[in-house]
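Letter by letter, the chains look like this.
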Amino acid sequence: MHPTESLFVPASIVSFGTILINISQYGPENTGPWLMHAVCILFWIDATLAVLFTAGIYLLLWSTQTFTIAQMTPIWIFPAYPMLIIGPHAGILGEKLEPSQSLPVIIGGTTIQGVGFLVSLMVYSAFIYRLMTQKLPRENLRPGMFVSVGPSGFTVAGLVTMAAGAKRSFPADFMGNGALAGDVLRIVVNFACLWLWG
C-alpha cells in the first residue's frame, strides 16, 4: 500500500518476461523443437499477464492511493513495463518460430507494445506538467527520472526487431505482395523509430 514502493510490484512480471526473452534468444539452438513450442505458449501467457497486471495495478493504485502532481515521479511509468517488454520478446521469438506461428506473435507484440507506450505517454505528460509547475523532484528521487528513458527504448527495440522478422512471416499474398510489404514496413519502422529515439 506504499505510494512509491507499490509501483515496483510489476517487477515480478518484468523478470518473468526477461527470463523468457533470454530463453528465446539462447535456448533454441541447444535444445529440440519442444522449447520453441513451450516458449510460444509462455509468450502468450506473459502477454496476457502483462496486460491484466498493468491494468490491475493502475486501477488498484488509483482507487486506493492519493497521488498529487507534487509527488509525481517517472516511477509511475513502471507498472506499464510488463507490456513494454512484450515487443522485444515478440521480435526475438518471431525470428525463431515458423512463419505461420510468428505472424500472430508479431501482431500481438506490436499491439501490446503500442498500448504500453501509450500508457507511458500519459505518465510522461503528467511528469512534464509536474516539472513545469513543481521543479525537479527531491534529490533522493532524482535518479528515478532515468526510468522515463525505458518506454521509448523498449518500443524502438521491439518495433525494429519485429519489423526485421516480418518479411519472412508475411504470406506471399499479404497486403497484395508479402515481400514488398515486409520491405516497406522495415523502412517505415526504422525511420519512425529513429524519430522516436531522438
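Residues numbered from 1 in each chain as written. Predicted model: local features only at pLDDT ≥ 70, side-chain atom pairs only at ≥ 80, totals over all residues. Heavy atoms only, no water.

(A) Fine view of the nonpolar core. In terms of nonpolar packing, the biggest core is built from 38 residues, with F43, Y81, I86, L93, L97, V105 and V123 touching the most fellow members. For this core, the elements supplying multiple residues, two or more each, are helix 1 (11–26), helix 2 (34–64), helix 3 (81–84), helix 4 (86–96) and helix 5 (99–134). Here this core takes 10 residues from helix 2, the largest share from any one element. Here L97 is in contact with M36, C40, S102, V105 and R168, once residues within four sequence places are set aside. (Core = buried A, V, L, I, M, F, W, Y, C linked by side-chain atoms within 4.5 Å. Buried < 20%, exposed > 50% of the residue type's maximum accessible area, 1.4 Å probe, protein only. Helix = DSSP H or I, 4+ residues; strand = E, 2+ residues; numbered from the N terminus. Contact = heavy atoms within 4.5 Å.)

(B) Spatial organisation of the environment of P28. Along the polypeptide, P28 turns up in the loop between helix 1 and helix 2. Separated by 62 residues in sequence, P28 and A90 place their C-alpha atoms 15 Å apart. The contact partners of P28, leaving out residues within four places of it in the chain, are I23, L35, M36 and K96.

(C) Structural context of the pattern of salt bridges. Taken as a whole, this structure holds two salt bridges when the rule is applied. For E29, the salt bridge is made with K96, and the minimal N-O distance between the two is 2.9 Å. Of this pair, E29 sits in the loop between helix 1 and helix 2 while K96 sits in helix 4, placing them 67 residues apart in sequence. (Salt bridge = Lys/Arg side-chain N within 4 Å of Asp/Glu carboxyl O.)

(D) Structural view of the environment of D173. Within the secondary structure layout, D173 lies in the loop between helix 6 (150–169) and helix 7 (178–197). Residue D173 is classed as exposed on the basis of its relative accessible area, which comes to 59%.

(E) Seen up close, unusual backbone geometry. The backbone of K135 shows a phi angle near 70°, a positive value even though the residue is not glycine. Topologically, K135 is positioned in the loop between helix 5 and helix 6. The backbone of M175 sits at a positive phi, close to 55°, despite the residue not being glycine. Inspection of the secondary structure assignment puts M175 in the loop between helix 6 and helix 7. Note on M175: relative accessible area 72%, which makes it exposed.

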